[in-house]
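Next come the chains, spelled out residue by residue.
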Amino acid sequence: MNTIETSSVLYTHYERKEGNQQTTHYCPGCGHGVIQKMIASAIEELGVQNRAIFLSPVGCSVFSYYYYDTGNIQCSHGRAPAVGTGVKRVLPDSVVVCYQGDGDLAGIGMTEIIHAANRGEQLTVFFINNATYGMTGGQMAPTTLLHEKTLTTPFGRESERDGKPLAMAEVIASLDAPAYVRRCAVSSTKELLRTREAVRIGLKNQVDKLGFSFIEILSPCPTNWKMSAVESRNHIEQVMKQFYPLKTFVDKRPENVCIKNNSFPLMNDDELLSLLTGDLTARSFESPVIDSPKTITIAGFGGQGILSGGTLLANSAMAHGLDVSWLPSYGPEMRGGKASVTVIVSDSSIPSPLDEKPDFLLAMNGPSLQYYKDKVKTGGTIIVNSTLVDDEIGRDDVNVYGIPATAMAQEALIPSAASVVMVTSLAVLSEVVSVFSLKESLNASLKRRELLDANMDLMKTAENYITSNFLVNNYNKKV
Amino acid sequence: MQKRLVKGNEAAVLGALMGGCTHFFGYPITPASEIAHAAAYYFTKAGRTFLQAESEVSVINMLYGASSAGARVMSASSGPGIALMGEGLSYLAGSRLPCVLIDMQRAGPGLGNIWPEQSDYNMVVKGGGHGNYKNIVLSPDGAQEMFDFTRAAFSYADEYRMSVIILGDAYIGQIMEPVDIGSTVDHGKRKDWALYADEESRENLITSIFMKPSSQGQHNRELQQTYRRVEKELVDWEEIETEDASVIFIAYGIVSRICRSAVALLRKAGLRAGLLRLKTLFPFPSEAVLNHAKRKVTIIVVELSNGQMCQDVRAAAQYSTRIIELLKMGGEIPSVEEVVSFTQKTVLRSAH
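Since the model is a prediction, treat every value here as computed from it, not as a measurement. Here the residue numbers are simple positions, counted from 1 along each chain's written sequence. Chains carry letters and ligands carry numbers; both start at the beginning, A for chains and 1 for ligands, and go up in the order they are written. Under the rules for a predicted model, residues below a pLDDT of 70 receive no local features and side-chain atom pairs below 80 are neither given nor counted, while totals for whole chains, interfaces and linings still include all residues. Each side-chain value is worked out from all heavy atoms of the structure, with water and hydrogens disregarded.

Colleague: Describe the overall build of chain A, listing the residues and the values that go with them.
Modeller: When helices and strands are tallied, chain A shows 16 helices and 15 strands. Dimensions along the principal axes, computed over C-alpha positions, put chain A at roughly 105 × 50 × 45 Å. Contacts were defined at the residue level, with two residues in contact if any of their heavy atoms lie within 4.5 Å. Nonlocal contacts in chain A, meaning residues at least 24 apart in sequence, comprise 65% of its contacts between residues at least 6 apart. As displayed, chain A offers around 20,000 Å² of accessible surface, 52% of which is attributable to carbon and sulfur atoms. Note that His is not counted, nor are the chain ends; the positive residues are Lys and Arg, and the negative ones are Asp and Glu. Charge positions come from single atoms, namely NZ of Lys, CZ of Arg, CG of Asp or CD of Glu. Averaging the locations of the 43 positively and 50 negatively charged side chains of chain A gives two centres separated by 8 Å. Numbered from the N terminus, helices here are DSSP runs of H or I no shorter than four residues, and strands are runs of E no shorter than two. Areas reported as accessible are Shrake-Rupley estimates using a 1.4 Å probe. Residue values count occlusion only from the protein chains shown.

This is the structure we're talking about:
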């Protein structure tokens, strides 16, 4: 089989090999040697030796790095297309040789090859199909022919039990993305020449950034087939080719569409820093007087802006120079419509962010009031959304206030801002944060900045309501 | 520096970018998905790479390839996903490739649920895959440390050529706190062992296979030497009111913050309590544990698992003091009051 001269891309002396460093570890008559020489010659002809990175799989070709004077990575079983994806995403100008056997690619690695092909990764995959697990001693491969005897099919492969052989070139060709899909063989001089052409095309496609190339090569394994070298080649010609037709399935070279890089430009450090800090401008206010950490729970249902109300409160507390923690209700219940968030503000570092006994409860619907009202600390405060809540509180050791938050938010045409009304009420009624800092923090807390003015007006409405209804004459007026 | 209110999950992504990470490969899993969401936004916008892989197995192998190519790389997942990455983690260790992972722990075994547990401790701290290897494991207690630890993880990973795993939990990911993101991006340096698709690096080989037992043995011994160096150089913990303490909690992650509140309440009630908060899990702060154990303090390990971390505490304490476990599983979490009353009862018992 030694019909192709050696290449400068292959070492002349295999120093990484233990034992005889003049010969390869492949068996006489094996297809790997001749295919690997063809790949080396193509790399040499394309002048990309320095850019080439060879991915050795698990299988007989695991030691390909003994021979290739290129960059080398040994990959885990079946995962070379994922490893290659990683390499190419870092080094788009590298030339990655993804060299895989049939157990590796069509068995354990089916997921990786399908998805790499489907993404159109800039890879050249050589799929060496000898219909057997060679390195482990000749077990059934996904490509083993029907009735073929192997160590794990001692009476022959049966479709009813083992399924039928997988024709990978056809599978890959069924995808839209691949640029080049072809099946070849190394069974005769004619087929060797065709294989050499395919190898060259596959690698050149990668250099030209045309996309994903997949070259399946029917290759002899005399040792495990228990045949002579000549019988093995005849087996490919007379038997394997019947099931695995040699042809070009996909060839998009004539379209010559170079895959474009649509990514955002690489940011420098200053740009990165400004992206990560957002558009916050430094603000700080007189710290309000809080004598101990305060816990505020805002609870209601999804769509009332519960979480963003909490964010507004937390941002505002942070602007006062306070430490703050914000912890939402968590888990599947979030998808069931209930929503709550617990915000703790403190003038010192907050230990546990989990506090089930709030100082302030902002209850935005009936069920949440019922759930939380008895957890509020003695002397604490409950503010209810009076549009939706007219339940009895049943406690005389807490302060209770009501504000029609939903109605106000609807009137302002921002129904999702009902929580803004509640948080504003809290600011007016307590010393946790000031209304001024709440207003100043609104911009940083809003997802939809175009609603800034509407939210600001809503805050004024809420502030006026609380002031005129509760603060002017009767501070502790109850609902 | 102005602080920004950030969720733990998002803080990790900011930390990664400030730590020079250029490639994030992700796969969705609750409660780690938000990290992928934030990475998809920030990495893409910053002209770095975010790619959603087809599985966690593919993720870890994409990390393997990208790390081979010299990049600072990361992913985030939760227990089931980290388990799937086990073989890949072993390959990374065998090939001495740096990598950063975040494990936002959920309850197991099996599908379990998405509430917090600390039951990935053994899997992550002891290795996770086959072979004699270790990961550096860091345990943040809030959003700021999610940022700080993730940022630092990349230089640790490069320095020791190891995987660094940030072991968080669902609460640490969900909590939003003020975070200082600093102002310096740490890009790292060219690595003399990596592949850059150029002439200078052409000779380099990334592999974990050594055919001769003597070569594989030597490779293993070198790995263990690196781990000994990590133990000396990286071990980190925080002592909170331990100096005069007669009862010391040992905890990490969200539980350490509950214990911190308990320490304050217990001291108000006249009990000298303290907290040894673990910041690194491998290396494990064994000496710190032993020092307290020798003083015959009562150690209470509070942990969201069947006592996985406590095994390491017992080994470190060398049976020289009383060690009591307060364990929760399944997503249950002890309240501050529960830790306080458990401790008071424990001390009362030992007084009689």
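From this point, the narrative continues.
Colleague: Could you give an account of the layout of surface pockets, naming the residues involved and the relevant values?
Modeller: Quantified by volume, the second largest pocket comes out at close to 1,300 Å³. Contributing to the lining of the second largest pocket are 38 residues, with Thr311, Ala444, Ser445, Leu446 and Lys447 of chain A lying nearest its centre. Those elements that place two or more of their residues in the lining of the second largest pocket are α10 (269-277), α11 (306-319) and α15 (435-445) of chain A together with β1 (4-7) and α2 (33-45) of chain B. The element best represented in the lining of the second largest pocket is α11 of chain A, accounting for 6 residues. Space inside and on the surface of the protein is sampled on a 1 Å grid over the protein atoms alone, with a cavity defined as a set of points where a 1.4 Å probe fits but cannot get out and a pocket as an open set with protein on both sides within 12 Å along at least 5 of 7 lines; lining residues have an atom within 4 Å of a point. Grid points are joined across faces, edges and corners, and a volume is the space filled by probe spheres set on the points.

Colleague: Run through the pairing of strand β4 (residues 124-129) of chain A, naming residues and quoting values.
Modeller: Residue and element names in this part refer to chain A. Type-normalised accessible area, obtained with a 1.4 Å probe on protein chains alone, sets the label of each residue: buried when under 20%, exposed when over 50%, and partly exposed for intermediate values. Of all 6 residues that make up β4, 6 are buried, and the element is covered over most of its length. Where burial is concerned, the two faces of β4 agree: the one with Thr124, Phe126 and Ile128 and the one with Val125, Phe127 and Asn129 are both buried. A pair of strands is labelled paired if DSSP reports no fewer than 2 bridges between them. Bridge analysis of strand β3 (residues 95-101) against β4 gives 5 bridges, and the strand direction is parallel. Considered in β4, the bridge of valine 97 is made with threonine 124. Pairing between β4 and strand β8 (residues 213-218): 6 bridges, direction parallel. Pairing of isoleucine 128 across the sheet is with isoleucine 217, part of β8.

Colleague: So what's going on with the confidence of the model for chain A? Which residues, and what values?
Modeller: The predicted structure's coordinates, where accompanied by low pLDDT, should not be read in detail. Here chain A averages 92 in pLDDT, while 94% of its residues score no lower than 70. Residue-level confidence of the predictor is what pLDDT reports, using numbers from 0 through 100. Here residues 473-479 of chain A is a poorly scored stretch, pLDDT under 50, and it has 15 contacts once near neighbours within four places are set aside; other chains count.

Colleague: So what about the domain arrangement of chain B? Which residues, and what values?
Modeller: Residues and elements named next belong to chain B. Bear in mind that the domain bounds are from an automatic or database domain assignment. The domains assigned to chain B are domain 1 (4-234) and domain 2 (238-351). Taking the mean C-alpha position of each, domain 1 and domain 2 sit 28 Å from one another. At the interface, 35 residues of domain 1 touch 25 residues of domain 2. Put simply, buried area is how much 1.4 Å-probe accessible surface two parts lose in total, over both of them, once they are put together. For the pairing of domain 1 and domain 2, the buried interface totals around 2,400 Å² over both sides, and the portion due to carbon and sulfur atoms is 53%. Area buried by domain 1 at its contact with domain 2 is led by Gln118, Tyr121 and Asp141, which between them contribute 31% of it. Whenever Lys or Arg places a side-chain nitrogen within 4 Å of a carboxyl oxygen from Asp or Glu, that contact is recorded as a salt bridge. On inspection of domain 1 and its partner domain 2, the count reaches 5 salt bridges. Two residues, glutamate 177 and arginine 257, come together in a salt bridge whose shortest N-O distance is 2.9 Å. By the criterion applied in these results, polar contacts are pairs of N or O atoms within 3.5 Å in which, for protein atoms, one can donate a hydrogen and the other can accept it, and in which residues neighboring in sequence qualify only through two side-chain atoms. Joining domain 1 to domain 2, the criterion identifies 17 residue pairs in polar contact (both at pLDDT 80 or more). Among the elements of the structure, α6 (121-125), β6 (136-138), α7 (143-160), β7 (163-169), α8 (170-174) and α9 (213-234) are those that each provide at least two residues to the side of domain 1 that touches domain 2. For the side of domain 1 that touches domain 2, the element with the highest residue contribution is α9, accounting for 4 residues.

Colleague: Pulling in residues and values, what's your account of the domain arrangement of chain A?
Modeller: Here chain A is described as being made up of domain 1 (32-255) and domain 2 (279-471). The C-alpha centroid of domain 2 of chain A is placed 62 Å from the C-alpha centroid of domain 1 of chain A.

Colleague: I'd love a proper account of the sheet that holds β8 of chain A, names of residues and values included.
Modeller: Consider a sheet: its strands pair through backbone hydrogen bonds, and that pairing is either parallel or antiparallel. Ordered by their spatial adjacency, 8 strands build an open sheet running β9(A)-β7(A)-β8(A)-β4(A)-β3(A)-β1(A)-β2(A)-β9(B), and the pairing between neighbours is mixed. The outermost strands of the open sheet, each flanked by one partner alone, are β9 (248-251) of chain A together with β9 (205-206) of chain B. With 6 bridges joining them, strand β7 (residues 180-185) of chain A and β8 of chain A adopt parallel strand pairing. Each bridged residue has a counterpart across the sheet, and for cysteine 184 of chain A the counterpart in β8 of chain A is isoleucine 217 of chain A.

Colleague: I'd like a rundown of empty space enclosed by the protein, residues and numbers included.
Modeller: Residues and elements named next belong to chain B. A complete count under the given rule lists 2 cavities of 30 Å³ or more for this structure. By volume, the largest cavity is sized at about 40 Å³. Ala93, Arg96, Lys134, Arg161, Met162, Ser163, Leu223 and Tyr227 are the residues that line the largest cavity. Residue composition of the lining of the largest cavity, grouped by class: 4 nonpolar, 1 polar and 3 charged. As a volume, the second largest cavity reaches approximately 30 Å³. In terms of lining residues, the second largest cavity is bounded by Ala71, Arg72, Val73, Pro98, Cys99, Val100, Phe154, Ala157, Asp158 and Lys191. At 3 residues, α7 tops the list of elements feeding residues into the lining of the second largest cavity. Of the residues assigned to the lining of the second largest cavity, the class counts are 7 nonpolar, no polar and 3 charged. Under the scheme applied here, ten amino acids are nonpolar (Ala, Val, Leu, Ile, Met, Phe, Trp, Tyr, Cys and Pro), four are charged (Asp, Glu, Lys and Arg), and all others, including Gly, are polar.

Colleague: Can you tell me about the pattern of salt bridges, naming the residues and giving the values?
Modeller: Applying the stated criterion to the full structure yields 44 salt bridges over all chains. Its salt-bridge partner being aspartate 162 of chain A, residue arginine 161 of chain A comes within 3.1 Å of it at the nearest N-O pair. In this structure arginine 161 of chain A comes out as exposed when scored by relative accessible area, which is 54%. A salt bridge links glutamate 10 of chain B to arginine 4 of chain B, with the shortest nitrogen-to-oxygen separation between them at 3.2 Å. Looking at glutamate 10 of chain B, the relative accessible area reads 21%, which means it is partly exposed.

Colleague: For the interface of chain B and chain A, give the residues involved together with the corresponding values.
Modeller: The interface is formed by 74 residues belonging to chain B together with 71 residues belonging to chain A. Across the chain B/chain A interface, buried area totals approximately 6,100 Å², and carbon plus sulfur atoms make up 66% of it. Where chain B packs against chain A, one counts 2 salt bridges. Among the ionic pairs, aspartate 69 of chain A bridges to arginine 202 of chain B, the shortest N-O distance being 2.9 Å. Taken together, the links from chain B to chain A amount to 23 residue pairs in polar contact (both at pLDDT 80 or more). In terms of residue count, helix α3 (residues 56-68) of chain B provides more of the side of chain B that touches chain A than any other element does, 8 residues in total.

Colleague: Help me get a handle on the nonpolar core, residues and values and all.
Modeller: For soluble globular proteins, nonpolar side chains are generally found buried alongside one another. We define the nonpolar core as a collection of buried residues of types Ala, Val, Leu, Ile, Met, Phe, Trp, Tyr and Cys that are connected through side-chain atoms lying within 4.5 Å of one another. Ranked by internal contacts, the top residues of the largest apolar core, which has 158 residues, are Ile73 and Phe214 of chain A together with Phe249 and Ile250 of chain B. If you tally residues by element for this core, the top one is α7 of chain B, at 8 residues. Among all residues touching isoleucine 250 of chain B, those that are not within four sequence positions of it are Leu276, Leu278, Val289, Ile299, Ile300, Val301, Val302, Met309 and Val313 of chain B. In this structure, Ala317, Leu322, Leu362 and Phe470 of chain A belong to the second largest nonpolar core, which totals 49 residues.

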